[in-house]
Amino acid sequence: MKANDWEPILKLVISQNIGFDCASPGEIYKVLKLGASPTSIVFALPTKTAYQMTYAREAGVKHTTFDSSYELKKLKQYWPDAHLLIRIRVDGECIYKLGEKFGCDFETEAVALLEEAAALGLKVVGVAFHVGSACSSVDSHAIGLQRARKLFDHEARAGRQMKIVDIGGGFMSDRTDRVDKVAQQVNTALEEYFPERDVLVVAEPGRYVVDSAATLYNSINNIRRVTKDNKPVNMIYLNDGLHGSMRYAEPWTTVEKLSIGQKNGVEIDQEELEEAILWGPTCDSTDRIMEKAAIRLPRCSPFDWLVFKLQGAYTFVFHGPFSSIEIPLMRSVVSLELWNKIKDHPVFSPEDFVSNPDISAPLPSTLPPKIHRDQINGFNASLLDKV
Ligand SMILES: *Cc1c(COP(=O)(O)O)cnc(C)c1O
């Protein structure tokens, strides 16, 4: 959910019988309203408020995670019948280290927490971990499975049976050979540590699923050509930035000029490349896109467009209210093949699909409503008026 909660994507997920990792009542509401079943949700937030617990319980959600003693005490009071997954820390080599925030140490903390849960009469049904987002080490999930097995064994010795192992997310989509290697290691580890077939294995891939689902097209508002270290640099001001869809530039983020074939008889890709700095649309001086990358682009002009690929995960979900900037416009496109598979699913309504769309038609505007000077009261005396 947190990687991309756009409604058409959520509907597609429901239509494929895939469940959700939700991390707030807002996310739970969003998927339930679309018709998802509450038992397809893991409320995978290890630290919840009383309100959040009550909300989930009343909505019929069953599963959640914990990694602390206080959380167990709160659960005892507000959600005593929850099916719990103990979140343990497993750190892969990753860009976003979730282990620094969540997950108990499986050697020094987990057993005590399992014992405390049992003493409180709470039901721990499994183990969950997350190796960190954008994880580049292929063996991390397997290490997590090994640790999970030890906790399954502890519970079994105490006469309690766990049933779920949740290997979280962290999978990268940019190189399929890497995810294949991770899958291989996970399957081998499952054979080794969980040969019994009655253990449910859950994964929560976020980035992997939606990364390639969206491409971002930014229009250029303005360009200033300046000199830096005796070299010309094009400062390009775009219509989206850090406060919109581009909060995180990943090491693999790329940018190119939208090519519409030829310009003045020159193939675009043969144009000379120049150093560029990409600025977002706000007055915030930190609103600079891909700051750490050395960007080289052909000479652009206002009304050219830049294209950023792989922008489906952790992009527009971060759009904030800062400076009241416009939210990006989204147009969804589905292949005929996929459309034929999903069009009759009850989660979709006929209006969700347009056949033979006029793709040159503008998208609905996200600009503020127009306001005409005749409609304005003008309560505050203005000095500017006099000059
Ligand atoms: C963010 C998150 C995910 C998804 O992580 P990705 O790195 O996008 O795959 C899965 N599970 C939990 C608990 C998360 O917090």
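Residues numbered from 1 in each chain as written. Predicted model: local features only at pLDDT ≥ 70, side-chain atom pairs only at ≥ 80, totals over all residues. Heavy atoms only, no water.

(A) Examining the overall build of the protein chain more closely. Helix and strand counts for the protein chain stand at nine helices and 18 strands. Along the longest, intermediate and shortest principal axes, the C-alpha atoms of the protein chain span 80 × 55 × 50 Å. Out of the 387 residues in the protein chain, the part that is buried amounts to 41%. Long-range contacts, defined as pairs at least 24 residues apart, comprise 68% of the intrachain contacts of the protein chain with a sequence gap of at least 6. (Helix = DSSP H or I, 4+ residues; strand = E, 2+ residues; numbered from the N terminus. Buried < 20%, exposed > 50% of the residue type's maximum accessible area, 1.4 Å probe, protein only. Contact = heavy atoms within 4.5 Å.)

(B) Representation of the nonpolar core within the structure. The biggest cluster of nonpolar side chains holds 64 residues, and the ones touching the most others in it are Phe20, Ile86, Ile88, Leu145 and Phe194. Residues within four places of Leu145 in sequence aside, it is in contact with Phe129, Val165, Ile167, Val186, Ala189, Leu190, Tyr193 and Phe194. With 16 residues, the next largest nonpolar core counts Ile220, Ile236, Ala276 and Met290 among its residues. (Core = buried A, V, L, I, M, F, W, Y, C linked by side-chain atoms within 4.5 Å.)

(C) Seen up close, helix 3 (residues 50–59). Restricting attention to buried positions, one finds in helix 3 the residues Gln52, Met53 and Ala56. Down the axis of helix 3, the buried set is contained in an arc of 100 degrees. They therefore lie on one face. With respect to the buried face of helix 3, the exposed residues turned more than 90 degrees away are Tyr51 and Glu58. In the core, the buried residues of helix 3 are packed alongside helix 2 (25–33), strand 2 (41–43) and helix 4 (69–78). Gly60 occupies a position one or two residues after helix 3 and carries a positive phi of about 95 degrees. (Arc of directions from axis to C-beta.)

(D) Structural view of the packing of aromatic side chains. Evaluation of the coordinates by the stated rule reveals seven aromatic pairs. Seen in terms of ring centroids, Tyr51 and Tyr55 are 6.0 Å apart; in terms of plane orientation they differ by 55 degrees. Their pairing is tilted. Of the two residues, Tyr51 and Tyr55 are both situated in helix 3; the distance of four residues between them amounts to about one turn of the helix. The class for Tyr51 is exposed, based on a relative accessible area of 54%. In this structure Tyr55 comes out as partly exposed when scored by relative accessible area, which is 25%. Between Phe348 and Phe353, the ring centres sit 5.1 Å apart and the planes meet at 50 degrees, which makes this aromatic pair tilted. Taking the relative accessible area as the measure of exposure, Phe348 reaches 12% and is therefore buried. Taken together, the aromatic side chains of Tyr96, Tyr248 and Phe318 make up a single cluster linked through ring pairs. (Phe/Tyr/Trp six-rings, centres within 6.5 Å; stacked < 30°, edge-to-face > 60°.)

(E) Main features of the sheet that holds strand 1 (residues 20–22). Within the open sheet, the seven strands sit side by side as 1-2-3-4-6-8-9. Their pairing is parallel. Both edges of this open sheet fall to strand 1 and strand 9 (200–202), since each of them pairs with a single strand only. Put simply, the sheet's adjacent strands are angled 25 degrees from each other on average, direction ignored. (Pairing = 2+ DSSP bridges. Axes fitted to C-alpha atoms, helices over the stretch in contact; angles between N-to-C directions.)

(F) Representation of helix 6 (residues 140–157) in the model. Here helix 6 spans 26 Å end to end across 18 residues, near enough to the 26 Å set by a 1.5 Å rise per residue. Looking only at helix 6, the buried set comprises Ser140, His141, Ala142, Gly144, Leu145, Ala148, Arg149, Leu151, Phe152, His154 and Glu155. Of the residues trailing helix 6, Gly159 is marked for its positive phi of about 80 degrees. (Expected span 1.5 Å × (residues − 1).)

(G) View of a nonpolar patch on the surface. Side chains of Tyr217, Leu258, Ile260 and Trp305 sit close together on the surface and give an oily, nonpolar patch of about 420 Å² of accessible area. Structurally, Ile260 is set in the loop between strand 12 (256–257) and strand 13 (262–263). (Patch = residues over 30% accessible without salt bridge, like charges linked within 9 Å, V, L, I, M, F, W, Y side chains within 5 Å. Areas by Shrake-Rupley, 256 points an atom, 1.4 Å probe, with all protein chains shown as cover. Salt bridge = Lys/Arg side-chain N within 4 Å of Asp/Glu carboxyl O.)

(H) Main features of the domain arrangement of the protein chain. Domain annotation of the protein chain identifies domain 1 (7–211) and domain 2 (216–311). Distance between the C-alpha centres of domain 1 and domain 2: 39 Å. When domain 1 packs against domain 2, the two sides together hide about 580 Å² of surface, and 59% of this comes from carbon and sulfur. Inspection of the domain 1/domain 2 interface yields one salt bridge. With a closest N to O distance of 3.4 Å, Arg207 and Glu250 form a salt bridge. Summed over the shared surface of domain 1 and domain 2, the number is three residue pairs in polar contact (both at pLDDT 80 or more). Its residues assigned to classes, the side of domain 1 that touches domain 2 comprises four nonpolar, no polar and two charged. (Domains from an automatic or database assignment. Buried area = accessible area lost by both parts, 1.4 Å probe. Polar contact = N/O pair within 3.5 Å; in protein donor to acceptor, adjacent residues only side chain to side chain. Nonpolar A, V, L, I, M, F, W, Y, C, P; charged D, E, K, R; others polar.)

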